[in-house]
Amino acid sequence: MRSLDVDMAAIKGSHTVAEGWTVGKVLEGMDNFSTPQPATAKWYDRRDSVFIEFCVEDSTEVQVKLEQSSLNFSCLGGTEKVKHQNVLDLFGDIDHKESKHRRTDRSVLCCLKKAEAGKSWPRLSKDKAKVTWLSVDFNNWKDWEDDSDEDLSSFDKFSEMMNTMGGDALPDLDGGDEEHAFADSDENKMPDLE
């Protein structure tokens, strides 16, 4: 997509009509492309990584630029191809070369490898001010400082998935294949209804 350099005041003052469209109507439709909107995001903390999920369905032109202490995310999303951009100074430093991201149909998940593993991040942003587009992902949040190593099996599988980025096959995060294999078995027949 090309950016347009236009004198907006000169165009908005114009009343040129082409096939029922005024220049003003055309510019209203272009607002989705010219003014980026922040994407809604959720984050959670782990021992050696921080995860942030940008909730943008059907994203295209995804760009994730990571630096030692900042993140810049942008994409086009939805059927209307709304431009999204999020810029954030991070609470701590990350290893931007080891950090990864993965796009799905529903979101873009980023795994930010902490520069100092084992250090808890009380928030994602450097500033203490509330970031309106960002919330904590309580479904994945764990108080990992008190957890034993036995509780990390799901996280280890997720880390493995992030390390094998680019493949189409995703590892099972909860060991559900074994459970489903027994559910389809003829041995466990349902009783007849009376």
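Residues numbered from 1 in each chain as written. Predicted model: local features only at pLDDT ≥ 70, side-chain atom pairs only at ≥ 80, totals over all residues. Heavy atoms only, no water.

So, about the overall build of the protein. Within the protein, the secondary structure is distributed over four helices and 10 strands. Within the protein, contacts between residues at least 6 apart in sequence are counted, and of these 60% link residues at least 24 apart. (Helix = DSSP H or I, 4+ residues; strand = E, 2+ residues; numbered from the N terminus. Contact = heavy atoms within 4.5 Å.)

Burial analysis of strand 6 (residues 70-77) places seven of its eight residues in the buried class, the great majority of the element. The sheet contact formed by strand 5 (residues 60-67) and strand 6 spans six bridges and is antiparallel. Its bridge partner lying in strand 6, K65 is registered against N72. Relative to strand 7 (residues 82-89), strand 6 runs antiparallel, the two being bridged by eight bridges. Looking at the pairing, G77 lines up with V82 of strand 7. Connecting strand 6 to the next strand, strand 7, in antiparallel fashion are four residues, including G78 with a positive phi near 75 degrees. (Buried < 20%, exposed > 50% of the residue type's maximum accessible area, 1.4 Å probe, protein only. Pairing = 2+ DSSP bridges.)

Consider a sheet: its strands pair through backbone hydrogen bonds, and that pairing is either parallel or antiparallel. The antiparallel open sheet is built from three strands, whose spatial order is 5-6-7. Strand pairing shows two members of the sheet lacking a second neighbour, strand 5 and strand 7, which therefore form its edges. The sheet shows a mean angle of 5 degrees between the axes of neighbouring strands, taken without regard to direction. (Axes fitted to C-alpha atoms, helices over the stretch in contact; angles between N-to-C directions.)

Below, the discussion takes up the side chain of S74. On the secondary structure map, S74 appears in strand 6. Classification of S74 as buried rests on a relative accessible area of 13%. When near neighbours in sequence (up to four residues on either side) are disregarded, S74 contacts E61, V62, Q63, H84 and Q85.

Attention now goes to the sheet that holds strand 9 (residues 108-113). In space, the five strands of this open sheet follow the order 8-9-4-3-10, with mixed pairing throughout. Edge positions in the sheet fall to strand 8 (100-103) and strand 10 (134-136), since each has one partner strand and no second. Each strand axis lies, on average, 20 degrees off the axis of its neighbour in the sheet, ignoring direction. Summarising the sheet, strand 3 (residues 41-45) and strand 10 pair through three bridges and their orientation is parallel. Counted as the bridge partner of W43 is V136 from strand 10.

Here the structure, examined in full by the defined rule, presents zero disulfides. With no disulfide of its own, C110 lies closest to C111 among cysteine sulfurs, the gap being 9.0 Å. (Disulfide = S-S within 2.5 Å.)

Tracing the backbone shows S70 in strand 6. Given a relative accessible area of 17%, S70 falls into the buried group. Residues in contact with S70, not counting those within four places in the same chain, are K65, L88, D89 and L90.

Moving on, we get to the packing of aromatic side chains. Counting across every chain of the model gives five aromatic pairs. Between W43 and W141, the aromatic rings sit 5.3 Å apart at their centres with planes inclined by 85 degrees, giving edge-to-face as the arrangement. Highlighted residues: W43 in strand 3 and W141 in the loop between strand 10 and helix 3 (153-163), separated in sequence by 98 residues. A relative accessible area of 3% means that W43 is categorised as buried. On the accessibility criterion, W141 (33% relative accessible area) is partly exposed. (Phe/Tyr/Trp six-rings, centres within 6.5 Å; stacked < 30°, edge-to-face > 60°.)

For the coordinates displayed, the defined rule picks out three salt bridges. As a salt-bridge pair, K113 and D48 come within 3.5 Å of each other at their nearest N and O atoms. On the criterion of sequence distance, the pair formed by K113 in strand 9 and D48 in the loop between strand 3 and strand 4 (49-54) is long-range, its members being 65 residues apart. For D48, a relative accessible area of 24% corresponds to the partly exposed category. A salt bridge links D105 to R103, with the nearest nitrogen and oxygen atoms 3.7 Å apart. Residue D105 is classed as exposed on the basis of its relative accessible area of 52%. (Salt bridge = Lys/Arg side-chain N within 4 Å of Asp/Glu carboxyl O.)

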